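Listed below, chain by chain, are the residues.
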Number of protein chains: 2
Amino acid sequence: MSKVIKGNAVIGQSGGPTAVINQSLVGAIEMLKKSKAVTKVLGARHGVRGIIEENFIDLKKVDKKKLEAIAQTPAAALGSSRDKPDEAYCKKIVKIFQKHNVRYFFYIGGNDSADAARIVNELANESGYELHTFHIPKTIDNDLRVTDHCPGYGSAAKFVASAFAGDDRDNAALPGIKINVVMGRHAGWLTAASTLARQDKKDGPHLVYMPEVPFSLTKFAKDVKDVYKKLGRCQIAVSEGISDSKHRPIAQVLAEKLGKEVERDSHGNVQLSGSGALGDFLADYIKEKLGKGKNKLRVRADTFGYLQRSFAGYASKIDQEEARECGRKAVEYAMAGDVDGSVAMKRNKGAKAKYGVEFFRAELKDVARFTKDMPRNFINKAGNDVTLSYIKYAKPLIDELPVVGKF
Amino acid sequence: MSKVIKGNAVIGQSGGPTAVINQSLVGAIEMLKKSKAVTKVLGARHGVRGIIEENFIDLKKVDKKKLEAIAQTPAAALGSSRDKPDEAYCKKIVKIFQKHNVRYFFYIGGNDSADAARIVNELANESGYELHTFHIPKTIDNDLRVTDHCPGYGSAAKFVASAFAGDDRDNAALPGIKINVVMGRHAGWLTAASTLARQDKKDGPHLVYMPEVPFSLTKFAKDVKDVYKKLGRCQIAVSEGISDSKHRPIAQVLAEKLGKEVERDSHGNVQLSGSGALGDFLADYIKEKLGKGKNKLRVRADTFGYLQRSFAGYASKIDQEEARECGRKAVEYAMAGDVDGSVAMKRNKGAKAKYGVEFFRAELKDVARFTKDMPRNFINKAGNDVTLSYIKYAKPLIDELPVVGKF
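**Things to note about the relation of the copies chain A and chain B**
Link 1 in the chain: Between chain A and chain B, the superposition needs a rotation of 180° and an axial shift of 0.0 Å, giving an RMSD of 0.0 Å. What the superposition gives is, in effect, a two-fold axis relating one chain to the other. No C-alpha of chain A approaches the rotation axis more nearly than that of A:Gly276, which lies at 2.0 Å.
Link 2 in the chain: The share of interface residues of chain A whose copies in chain B are also at the interface is 100%, consistent with both copies meeting through the same surface.

Have a look at this one:
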């Protein structure tokens, strides 16, 4: 397709917030404002739902100053959505696009959003309607395929690494066992980031549990005991998604073991969304296993929660820049004749290469639906820490880590 | 006492960490290094316990670069302690001081630490041993008497305000009811700080509950319903210390109401330290009260936990500077002939005065033991928000709030 079709553009944002999702939005708006092929730039409020409901705002009318402030702000400024559109839903979207002469569709989100974009695009193609669809990646989970890493991950990783660095000093000042539960239902990328501010072997986290490795309670208690014996304290990073070898969530396993109530939804499924359940249960388990006769064994748990994805004012600059560029590239690719795709990043190769990325177009189908776990070589053999390979991979994604000094 | 006595100095840190507790430590070390009256500057590891155990480090040997890094680092670098020394314990301290010719004692902490310092000082005086004791204030709770505000509060307030600002955008992007539990067992100062990044009336937190006002569940449900009806969402700040009119912690009241288990310690007292209990219970309560027939009502709770006191890399610059100066002033006062005291701050007066503080010496007895709640005029009549007076008081304590833009 060498001739660029004229028409309107729609941008939407989807899924859970990140600190830089609006950088991508603003990057795309910048480029769309310049484009001669695009008349109206419509922002869909709350993702696909905004399209269905024709709830659009005219993004060309938003001034530069406001856009810059929005770019700095965490969480989807257009509003997000948890709707997972099926084919009927997507058909409606195509109809609305036809009605409004929308020829360019940009959807910022994770793998589910890439899939929605893919379906919309295919349905448009099938009906002979020319539509250029681009997915713009974002997720704190860093679990999208093809791309080296995901916009949103660097900022969340910076938050988690800084949180652990400060909490580790807290734990050193008032020694005990501290468990911090980090987001990540299926992949351990964000939990792994807890290690990025460590300076030496005494620094926490001393144990890191990611969902890629089946979690054993017996092994856990032994690991904690060993560290505590050696250091007199232990800081632990745990992914919210840890499961046992039978794929049962550990919160559920522990609830049964400890004789605690578990929340169940109307279908009888165990609810794991309680803000502190997993952390509290793990703390109780450790108290029971190691605290006998030691009344003063301090065991505490925190669940970092939404702050990891939405904390304001502490994004990684590199992440901000890359996210912005992903938005720009999506428009550039869409105008260059490529019908559809997703923006991906490739890292400069070579052992001595300075960190930097090259952007490229990926196929929607290669990014949609499935996700990417941590590779096994990023996790140590014992399954309770990351490796140096992971540290080398992740550290450049964060602009700056806090200064930490100690006697 | 006009003649300055020669001898050694001991510094200790106590209680829960803050982001700037080491600024005060380094401020005191700086001045002590310069003092001709002081020979050794001893850092007590883990507060009073380090004194009893004669576990000291020679602080004169620590180089400037390391000290500067330590100043930037959250949580007591010397280690902290939860020991509450009784008279026998304090007598031991005086003996150790006599043994090591310690004539200057600096103790960085909250009201309990001020009390320990007071007792040690009185016991030394009674036994005719000349000792200059200074308490250096620190607490994220901002609940010390005499001083306008406490070092440590500004940084924790900045963290909480930024967390709410980002989480509010998260809540606007994916609307629902969001409850955030903030530290503060007896005073609502830190919970109040959740409001400091609000730009207009639609911004969260929409409801703020502080322990100074008895908490009513019925009123709470009505408040939330009203906000939700108006805005389609509701972000709520709740102090961990909220209690009903009979002074019963709300976590306990709700556990009974909802038929949940509560953790009890060996004395049968309800444990409230579970990381998510209060937030989860409040979320369940709201789901039960408002969620009937609305399967999609999103109700979530986060408990911010230790991050509020220990997050690294995000301190308030003003707070850092004031904390450093408190450390310096303590030494200055101690060398000027004043026998003992606590460092306090007074704010520049006058409606048009630029923010700034003057330091002065307070009496130990006036800072020790009792704490300071939020004054009633800082809380609105309905007891579910702060007032403009509070905002005016607190905003200058934070150097900078994150940029927040929206459509």
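Next comes the rest of the account.
**What to know about the pattern of salt bridges**
Residue and element names in this part refer to chain A.
Link 1 in the chain: Scanning all chains against the criterion turns up 65 salt bridges over all chains.
Link 2 in the chain: Here Lys-178 and Asp-167 are joined by a salt bridge, their closest N and O atoms 2.6 Å apart. In this pair, Lys-178 sits in strand E6 (residues 177–182) while Asp-167 sits in helix H6 (residues 153–173), placing the two residues eleven residues apart along the sequence.
Link 3 in the chain: Classification of Asp-167 as buried rests on a relative accessible area of 1%.
Link 4 in the chain: The partner of Lys-329 in a salt bridge is Glu-332, with the nearest N and O atoms 3.4 Å apart. Linking Lys-329 with Glu-332, this pair stays in helix H12 (residues 317–335), spanning three residues, or about one helical turn.
Link 5 in the chain: Look at Lys-329 and you get buried, because its relative accessible area is 16%.
Link 6 in the chain: Given the relative accessible area of 37%, Glu-332 is considered partly exposed.
Link 7 in the chain: In this structure, a network of salt bridges that share partners links the residues Glu-30, Glu-68, Arg-324, Glu-325, Arg-328, Lys-329 and Glu-332.

**Considerations on the interface of chain A and chain B**
Link 1 in the chain: Listed per partner, the contact involves 68 residues of chain A and 68 residues of chain B.
Link 2 in the chain: Buried surface at the junction of chain A and chain B, summed over both partners, amounts to about 5100 Å²; 60% is from carbon and sulfur atoms.
Link 3 in the chain: Along the contact surface separating chain A from chain B lie two salt bridges.
Link 4 in the chain: Of the charged contacts, one joins A:Asp170 and B:Arg309 as a salt bridge, the two residues approaching to 2.7 Å between their closest N and O atoms.
Link 5 in the chain: For the interface between chain A and chain B, the tally reads 16 residue pairs in polar contact (both at pLDDT 80 or more).
Link 6 in the chain: Taken together, the elements giving at least two residues each to the side of chain A that touches chain B come down to helix H3 (64–71), H6, helix H10 (277–290), strand E9 (299–303) and helix H11 (307–310) of chain A.
Link 7 in the chain: The element that contributes the greatest number of residues to the side of chain A that touches chain B is H6(A), accounting for ten residues.

**Description of the sheet that holds strand E9 (residues 299–303) of chain B**
Residue and element names in this part refer to chain B.
Link 1 in the chain: Taken in spatial order, the four strands of this open sheet run E7-E8-E6-E9, and their pairing is parallel. The open sheet has two edge strands, strand E7 (207–209) and E9, and neither has a second partner. Across the sheet, the axes of successive neighbouring strands diverge by a mean angle of 15°, strand direction being ignored.
Link 2 in the chain: Bridge count between strand E6 (residues 177–182) and strand E8 (residues 234–239): six bridges; the pairing is parallel. Residue pairing across strands places Lys-178 opposite Gln-235, the latter belonging to E8.
Link 3 in the chain: Taken strand by strand, helix H10 (residues 277–290) contacts E6, E8 and E9, and its axis lies near 155° from that of E6.

**Here's the deal with unusual backbone geometry**
Link 1 in the chain: The omega angle of the peptide bond from A:Gly204 to A:Pro205 is 0°, so this bond is cis rather than trans.
Link 2 in the chain: By the element assignment, A:Pro205 lies in the loop between helix H7 (189–192) and strand E7 (207–209).
Link 3 in the chain: Although it is not a glycine, B:Val146 adopts a positive phi angle of roughly 75°.
Link 4 in the chain: Structurally, B:Val146 can be placed in the loop between strand E5 (132–137) and helix H6 (153–173).

Cut-off values and rules
- Residues numbered from 1 in each chain as written.
- Chains lettered and ligands numbered in written order.
- Predicted model: local features only at pLDDT ≥ 70, side-chain atom pairs only at ≥ 80, totals over all residues.
- Heavy atoms only, no water.
- Least-squares fit on C-alpha atoms with pLDDT ≥ 70 in both.
- Contact = heavy atoms within 4.5 Å.
- Salt bridge = Lys/Arg side-chain N within 4 Å of Asp/Glu carboxyl O.
- Helix = DSSP H or I, 4+ residues; strand = E, 2+ residues; numbered from the N terminus.
- Buried < 20%, exposed > 50% of the residue type's maximum accessible area, 1.4 Å probe, protein only.
- Buried area = accessible area lost by both parts, 1.4 Å probe.
- Polar contact = N/O pair within 3.5 Å; in protein donor to acceptor, adjacent residues only side chain to side chain.
- Pairing = 2+ DSSP bridges.
- Axes fitted to C-alpha atoms, helices over the stretch in contact; angles between N-to-C directions.

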